[in-house]
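Descriptive structure summary
Here is how the chains run, residue by residue.
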Amino acid sequence: MGSHEQGFATASASPRDLLYFETAGSQNHKTAWVGRNLKYHLVPGSLLPPQPLLFCGEQGWRMELERGWKSAPRGHELFGDHCPPASLSYFQTRRRIPYQEAAVQEFRPTQVGESFGPTWETCWFKVELSIPLAWAGQEVHFVWESDGEGMVWRDAQPVQGLTKEGEKTSYILTRSLKESEPHSLTLYVELACNGLFGAGKGSMIAPPDPDRRVTLSKAELVVFNRDVYELLVDLEILLDMAQAQQFEWVRSCYPGLYARIQDFVAKGQFIPVGGTWVEMDGNLPSGESMVRQFLQGQRFFQEQFGRICSEFWLPDTFGYSAQLPQLMRGCGIQRFLTQKLSWNLVNSFPHHTFFWEGIDGSQVLTHFPPGDSYGMHGRVEEMLKTVKNNKDKGRVNHSAFLFGFGDGGGGPTQKMLDRMKRMSDTDGLPRVQISTPDQLFSVLEKESSQLCTWVGELFLELHNGTYTTQAQIKKGNRECERILHDVEVLSSLAVAQDRAFQYPASQLQRLWRLLLLNQFHDVLPGSCIQLVVEDALQYYTGEQGVWLGGHSPVGAGLAWWGCGGSNPGHTLVLNTLSWERTEVISRPGPDGTETLALVTVPSMGYALVQEPFVPPQPVAVRKQEDGSITMENGVIAVCLDTMGHLTSLQLLDSGRESVPDGCYANQFALFDDVPLYWDAWDVMDYHLETRKPVTTLLKPLEITLAGGLRGSVRFSLQVGKSSTLSQEIILDAACPYLRFLTQVEWKEAHKFLKVEFPVQVRSTNATYEIQFGHLQRPTHWNTSWDWARFEVWAHKWLDLSEHGFGVALLNDCKYGASAHRNVLSLSLLRAPKSPDSTADIGHHQFTYAVMPHQGSFQEAGVIQQAYNLNFPLHMVPASCAQCSPWSAFSVSSPAVVLETVKQAEDRPEALLVRLYEAHGSTVTAWLQTSLPVKEAMLCDLLERPLAQGHLPLEQRGLRLSFTPFLVLSVLLLWSP
């Protein structure tokens, strides 16, 4: 959780017998005699430090040198003479302000021992120093100890982070004070009034204590005795840092520091890794969002550092989608590193080095550091564990050892580096060398002939509450993924119709980057504090809320289609999906009331609403004597009892019943939800033992629309002690699914709300949509690997089918789900209290739908119907009363989805279209377009043309060949 920077070392097995050394002291405080008979105190580190940047140079590596060393034999003290600052003053602000603004503020005197706060405030300290003349020739450090996160500024540049938690409390002023050097200087220390993981009250994950204060416990000049420290060699330091977003923040906020980072990257000492914009969640972002994570990240690294990343670095996210291997390879990455599956609660993952194969057959070389951590300290016991724990010994002889304060940032301390140096060639220990990810993976590739292959998702058996926590963030993510998709499609088609239209490329990049930022692995999963939630929701509902409103360059994509539209009663309907759609729409009538219409709109095109509005088979709604209500539309027939339970769901063509006798579908259930520790993160299997059906009726079922184009009914329930749920159940003409528009006033604590659909289907596997495809998971709990997946994730749909028949559950913003035996369950709301005590409390609105079908879900069009639910048709005033239907793109095969249409990166004369095979089949499809295209070529996900990727333009369009779940990207160049 947080920013990750690590030192990187490799360990290889030692062929010699294990030797030993003796230590004295307790388990938590050991001493050893090394070097010149000096007594070194090895004290295990505390929590990790906050600063996301580690840098070196003449002013040196930030060192934390244990104060315990002062108890070494007399004459060997680490710090010698010391003196206080000549002057210490401060000012405090609630804002995050730049240095230039801070330096001109009015500072007030303060002293060591004072406390500052409250939580989240920032204090700027002005520290005037006067180095005694008698210290000439000595190494002089500035020592600062406080409970907050500090940053030293010197000559208007940030030069070092200071944090007691991260063992970095000493800043080197000079390695040898010359008489000619200035003995007086001024430093500024920027201090945030919070700790590494915020300000949790009594626990790291507890909600922040709003009144927490931080104490300044030390601020002084000291003489540093380097001979005592016994730094015998100048180590070569190699650091890695992931996340292009962090580099971008440094570039924009600290340009001087960024220039130094670029210099160290050029020298090979600072290694950008990962290739993505942020270390995103590995489950919930859409396929296109994952592509953009890589596209934005790799392009940034190429532009700023002259190279892309060759390793995907995602150490701390909560599981890994089975589509990631293909996406990695499409973005120039064939190597993957993480360690999170070592957190599995039930099963121990069987490998540390292996090939990971995705749903399309793509493979990447994958390494889990056997130390099961990305924050090791270079201790002997960690080295021994790395060798002993390696589950692929005999297949490979090398592994990674990630050391430093990696979680939250900060990197390694000098002490860790020195430990590593002393263990580089020590009998009884593995051979240790400071290395790069590229060097390690190159060695592993040479040793890979005997490696095993893991097929499918890397499912984390923990933290599966993150599929549901903070429902508003998840809804905002899904909605904004839709909005960006639609804006890109409509803007691309506007360019095709009108070359004078300006495609909003720069604005779209900014908004994509905001969305990608919110997909960070503690934001989208909901495991964040309240302040982060507020920021995320502001991104979603603030700027992004007007994207399609025509009030910004981005919204102009939709506005263009309605420009000049003044014909009363005439509406143009736009379809941003790649198949024809026949649906009921709601539009404003001449008197301001909503009127309904049944429209057929071509694929990725438009059509005018035509009169009359009479459907071929109108919806019939009837109330029965017992208070139940039936609805049918010629496709399905349903029966609902007074509590909104679905007691019958039939396919009319076959007469097949979906709901088992005596069972209720659309059954809400409430569970006690008290995890062992990780409140926002976890839902434990024992919550299933606390199931309580929701049975308190507030308003019985009543008819709200009597039929025709649409029939609907409504009811309300009390949920738990103080929450309410109201639902409108809607059946549209010609629609194959029944949808449930749901509103909840949620006021619970440590409760979990789900909705259940028992179905008359028998299958040992259910199917779940993932990025650009789907996978199956068992519906039984035969093994520990099965029951560990009692709560899983899906995107827009899940399906349970037997041969010839099945039932699908669709949704517009939910991710948590399960299918056990014959019960499909959708997870709706949680109510954790840490780290955000207000999580999910408030109003929620969401829609889900149930769709029975004949044949397989592929043949029945479940995939397309789930897209339709998530991507509603757009309506704009028509500019003329007569307008022929128009289609920009269509695909000949229902197995292929045209997912993305956008302007190509850096090529305004070209479009990029992305398609994927969705059925799990080998198929040839024709992409047809009415746009003026002169040339077409295949490209990778970074939009680099492929060798032999030229595609001939044929009368039927572009001929594309797909294997199961293959993602193809095509560049289309405009005709002049």
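Computed from a prediction, not measured in an experiment: that's the story for all the values here. (Residues numbered from 1 in each chain as written. Predicted model: local features only at pLDDT ≥ 70, side-chain atom pairs only at ≥ 80, totals over all residues. Heavy atoms only, no water.)

1. Remarks on the environment of G375
Here G375 lies in the loop between β21 (363-367) and α7 (380-388). Accessibility expressed as a relative area gives 19% for G375, which makes it buried. For the pair G375 and G411, spaced 36 residues apart in sequence, the C-alpha separation works out to 8.6 Å. Leaving out residues up to four positions away in the same chain, G375 has contacts with L402, G404 and G406. (Helix = DSSP H or I, 4+ residues; strand = E, 2+ residues; numbered from the N terminus. Buried < 20%, exposed > 50% of the residue type's maximum accessible area, 1.4 Å probe, protein only. Contact = heavy atoms within 4.5 Å.)

2. Considerations on the sheet that holds strand β14 (residues 184-192)
Neighbouring strands of a sheet are bound in pairs by backbone hydrogen bonds; such pairs are parallel or else antiparallel. Pairing in this open sheet of 6 strands is antiparallel, and the strands run β7-β6-β9-β14-β11-β12 from one edge to the other. Only two strands of the sheet have a single partner each, and these edge strands are β7 (108-109) and β12 (157-162). Of the strand pairs in this sheet, strand β9 (residues 122-130) and β14 are connected by 9 bridges, and their pairing is antiparallel. Within β14, the position partnered with W124 by the bridge is E190. (Pairing = 2+ DSSP bridges.)

3. Thoughts on the confidence of the model for the protein
Model confidence for the protein is summarised by a mean pLDDT of 88, while 89% of its residues fall at 70 or above. Residue range residues 231-235 is modelled with pLDDT below 50. Its contacts to residues more than four positions away, or to other chains, number 9 contacts. Residue range residues 546-551 is modelled with pLDDT below 50. Its contacts to residues more than four positions away, or to other chains, number 21 contacts. (pLDDT = per-residue confidence, 0-100.)

4. Examining the packing of helix α3 (residues 244-253) against helix α5 (residues 287-305)
Two numbers describe how α3 lies on α5: the axes approach to 9 Å, and their chain directions differ by 45°. Relative to α5, the element α3 lies oblique. Our pair here, α3 against α5, has a crossing hand that is left-handed. Of α5, the residues touching α3 (which contributes A244, F247, E248 and R251) are G297, F300, F301, Q304 and F305. The residue makeup of the contact of α3 with α5, split by class, is 5 nonpolar, 2 polar and 2 charged. (Axes fitted to C-alpha atoms, helices over the stretch in contact; angles between N-to-C directions. Parallel < 35°, antiparallel > 145°, perpendicular 65-115°, else oblique. Left-handed = near helix turned anticlockwise from the far one by under 90°. Nonpolar A, V, L, I, M, F, W, Y, C, P; charged D, E, K, R; others polar.)

5. A short note on helix α9 (residues 437-446)
The complete set of buried residues in α9 reads P437, L440, F441 and L444. With its buried residues spanning 90° around the axis, α9 presents them on a single face. (Arc of directions from axis to C-beta.)

6. Some remarks on helix α4 (residues 255-267)
For α4, spanning 13 residues, the distance from its first C-alpha to its last is 19 Å, which sits close to the expected 18 Å at 1.5 Å a residue. When we look at burial in α4, the residues that qualify are L257, Y258, I261, F264 and V265. Along α4, the residues classed as buried sweep out an arc of 120° about the axis, all on the same side. Set apart from the buried face of α4 by more than 90 degrees, the exposed residues are P255, A266 and K267. (Expected span 1.5 Å × (residues − 1).)

7. Observations regarding the pattern of salt bridges
Under the counting rule described, the total for this entry stands at 36 salt bridges. For R292, the salt bridge identified is with E488, shortest N-O distance 2.9 Å. Taken together, the residues span a long stretch of sequence, with R292 in helix α5 and E488 in helix α10 (residues 471-497) at a distance of 196 residues. By the burial criterion, R292 is buried, and E488 matches it. With a closest N to O distance of 3.0 Å, E457 and R789 form a salt bridge. One end of the pair, E457, is in the loop between β24 (453-455) and α10; the other, R789, is in the loop between α14 (784-787) and β43 (792-793), and 332 residues separate them in sequence. A relative accessible area of 6% places E457 in the buried class. The network of salt bridges with common partners includes R299, E303, K902, E905, D906 and E943. (Salt bridge = Lys/Arg side-chain N within 4 Å of Asp/Glu carboxyl O.)

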